[in-house]
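A structural walkthrough
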Amino acid sequence: MIDKKTCTRCSVEKPLSEFNKNSRSRDGLTPHCKVCRKQHREETKEQISMKNRQRYLAKGEEIRERSRRWRDEHPEEVINYRKQYRAENKELLASKDRKYREENAQKINQVRKKYREEHRQELVEKVRLWAQNNVERANTNKRVWVQNNPEKASAAGKQWRDLNPLKRREMKNRRRARLRSNGVYEISQQFLEDLYSSSCVACGKSEDITADHIIPIARGGLHSEENLQPLCGACNSSKRDKTMDEWQGRTR
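Cut-offs and rules
Residues numbered from 1 in each chain as written. Predicted model: local features only at pLDDT ≥ 70, side-chain atom pairs only at ≥ 80, totals over all residues. Heavy atoms only, no water. Helix = DSSP H or I, 4+ residues; strand = E, 2+ residues; numbered from the N terminus. Buried < 20%, exposed > 50% of the residue type's maximum accessible area, 1.4 Å probe, protein only. Contact = heavy atoms within 4.5 Å. 1 Å grid on protein atoms, 1.4 Å probe; cavity = no way out; pocket = protein on both sides within 12 Å on 5 of 7 lines; lining within 4 Å. Points joined across faces, edges and corners; volume = space filled by probe spheres on them. Nonpolar A, V, L, I, M, F, W, Y, C, P; charged D, E, K, R; others polar. Salt bridge = Lys/Arg side-chain N within 4 Å of Asp/Glu carboxyl O. Patch = residues over 30% accessible without salt bridge, like charges linked within 9 Å, V, L, I, M, F, W, Y side chains within 5 Å. Areas by Shrake-Rupley, 256 points an atom, 1.4 Å probe, with all protein chains shown as cover. Lys, Arg positive; Asp, Glu negative; His and termini not counted. Charge placed at Lys NZ, Arg CZ, Asp CG, Glu CD. Axes fitted to C-alpha atoms, helices over the stretch in contact; angles between N-to-C directions. Parallel < 35°, antiparallel > 145°, perpendicular 65-115°, else oblique. Phe/Tyr/Trp six-rings, centres within 6.5 Å; stacked < 30°, edge-to-face > 60°. Lys NZ or Arg CZ within 6 Å of the ring centre and 35° of its normal. Core = buried A, V, L, I, M, F, W, Y, C linked by side-chain atoms within 4.5 Å.

Digging into the environment of T243
Inspection of the secondary structure puts T243 in the loop between α11 (233–239) and α12 (244–251). Taking the relative accessible area as the measure of exposure, T243 reaches 23% and is therefore partly exposed. Measuring from C-alpha to C-alpha, the distance between T243 and H213 comes to 8.8 Å, with 30 residues separating the pair along the chain. Sequence-distant contacts of T243, defined by excluding residues within four places in its chain, comprise I214, P216 and R219.

What to know about the layout of surface pockets
Volume-wise, the largest pocket comes out at about 1,500 Å³. Lining the largest pocket are 31 residues, with K142, A156, G157, W160 and N164 positioned closest to its centre. Broken down by secondary-structure element, the contributors of at least two residues to the lining of the largest pocket are α6 (120–133), α7 (135–148), α8 (150–163), α9 (165–180) and α10 (189–196). Partitioning the lining of the largest pocket into residue classes produces 15 nonpolar, seven polar and nine charged.

Quick look at unusual backbone geometry
Residues other than glycine seldom take positive phi values, yet D208 does so here, at roughly 55 degrees. Among the structural elements, D208 can be located in the loop between α10 and β5 (209–213). If you check the backbone angles, R240 has positive phi at about 55 degrees while not being a glycine. Turning to its location among the elements, R240 is positioned in the loop between α11 and α12.

So, the side chain of S224
Within the secondary structure, S224 sits in the loop between β5 and β6 (228–232). If near-sequence neighbours (up to four positions away) are discounted, S224 is found in contact with Y185 and I187.

Considerations on the pattern of salt bridges
Applying the stated criterion to the full structure yields 10 salt bridges. A salt bridge links E65 to R68; the nearest nitrogen and oxygen atoms lie 2.9 Å apart. You can see E65 and its partner R68 sitting in helix α2 (residues 45–73), three residues apart, about one turn around the helix. For R68, a relative accessible area of 31% puts it in the partly exposed group. Among the salt bridges present, the one from D162 reaches K158, with a minimum N-O distance of 3.3 Å. One end of the pair, D162, and the other, K158, are both in helix α8, four residues apart, so they sit about a helical turn from each other.

Thoughts on a positive patch on the surface
Where like charges cluster on the molecular surface, the positive patch consists of R98, R101, R112, K113 and R116. Listed by contribution, the elements that provide at least two residues to the positive patch are α4 (90–103) and α5 (105–118). In terms of residues, the positive patch owes the most to one element, α5, which gives three residues.

What about the packing of α4 against α5?
Two numbers describe how α4 lies on α5: the axes approach to 5 Å, and their chain directions differ by 85 degrees. Here α4 lies roughly perpendicular to α5, going by the angle between them. Together, Y100, R101, E102 and E103 of α4 and A105, K107 and I108 of α5 make up the contact between the two elements.

Describing the packing of aromatic side chains
Inspection of the entire model under this criterion finds one aromatic pair. K5 extends its terminal NZ or CZ atom over the ring of F19, reaching a point 5.4 Å from the ring centre.

Notes on the nonpolar core
If you look at the biggest cluster of nonpolar residues, it comprises 13 residues, and the most contacted ones within it are Y196, C200 and C235. Leaving out residues up to four positions away in the same chain, Y196 has contacts with L166, R169, I209, T210 and A211.

A short note on a nonpolar patch on the surface
A cluster of nonpolar side chains, Y81, Y85 and L92, forms an exposed patch at the surface whose accessible area comes to about 310 Å². For Y81, the location among the structural elements is in helix α3 (residues 75–88). With relative accessibility at 55%, the residue Y81 sits in the exposed group.

Structure representation (structure tokens):
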């Protein structure tokens, strides 16, 4: 059995493993050894590149269609090849990505801005779910961002308070009750909307309605739906930390 072959370029007899496969040759191997073929490619690199470019310009659509058809017929091979290539060329790809981002920063920002505008609700929901599942990391990220962007944080906070007055009032009430250790219970959004759209239980006015604790927080009252009632701003300021009987007796 023949286990060696002579390279026609360097005239050195070498093992068959040193030759590439070639189905068109009689013995199924290339006439030149791997070393000579590699050397030849290096020497004719520019000529080969020019020849390939000319061929691509002449038959570009045909080549692309053949490539697309092969990828469609071999999806698993494509996926495995891409995974292997990324694993073997991690640093090279990272360097290319950095270079591309630096050269196309404005274009990338425009694309991202357009995407955020078109998928705003979807992204908000995605961030909310992530924050629920990663509370500590979310709080840490928020604190770091606020420290690094104090002006933006202040403007964002003001905008949120202007857009969410009911939630802002609810947060204040919860905080007061929590500081007093009276007990804080969940207040539904629907309950708050109904409360702030009601009339003042003292004077009947429907403007400037606030949430009043029937038993004041300062007197040990709970922050719960059962301990809340609608009072207008004037009545609530007058009542302060009194019970309804004490306040109404004094006003009378």
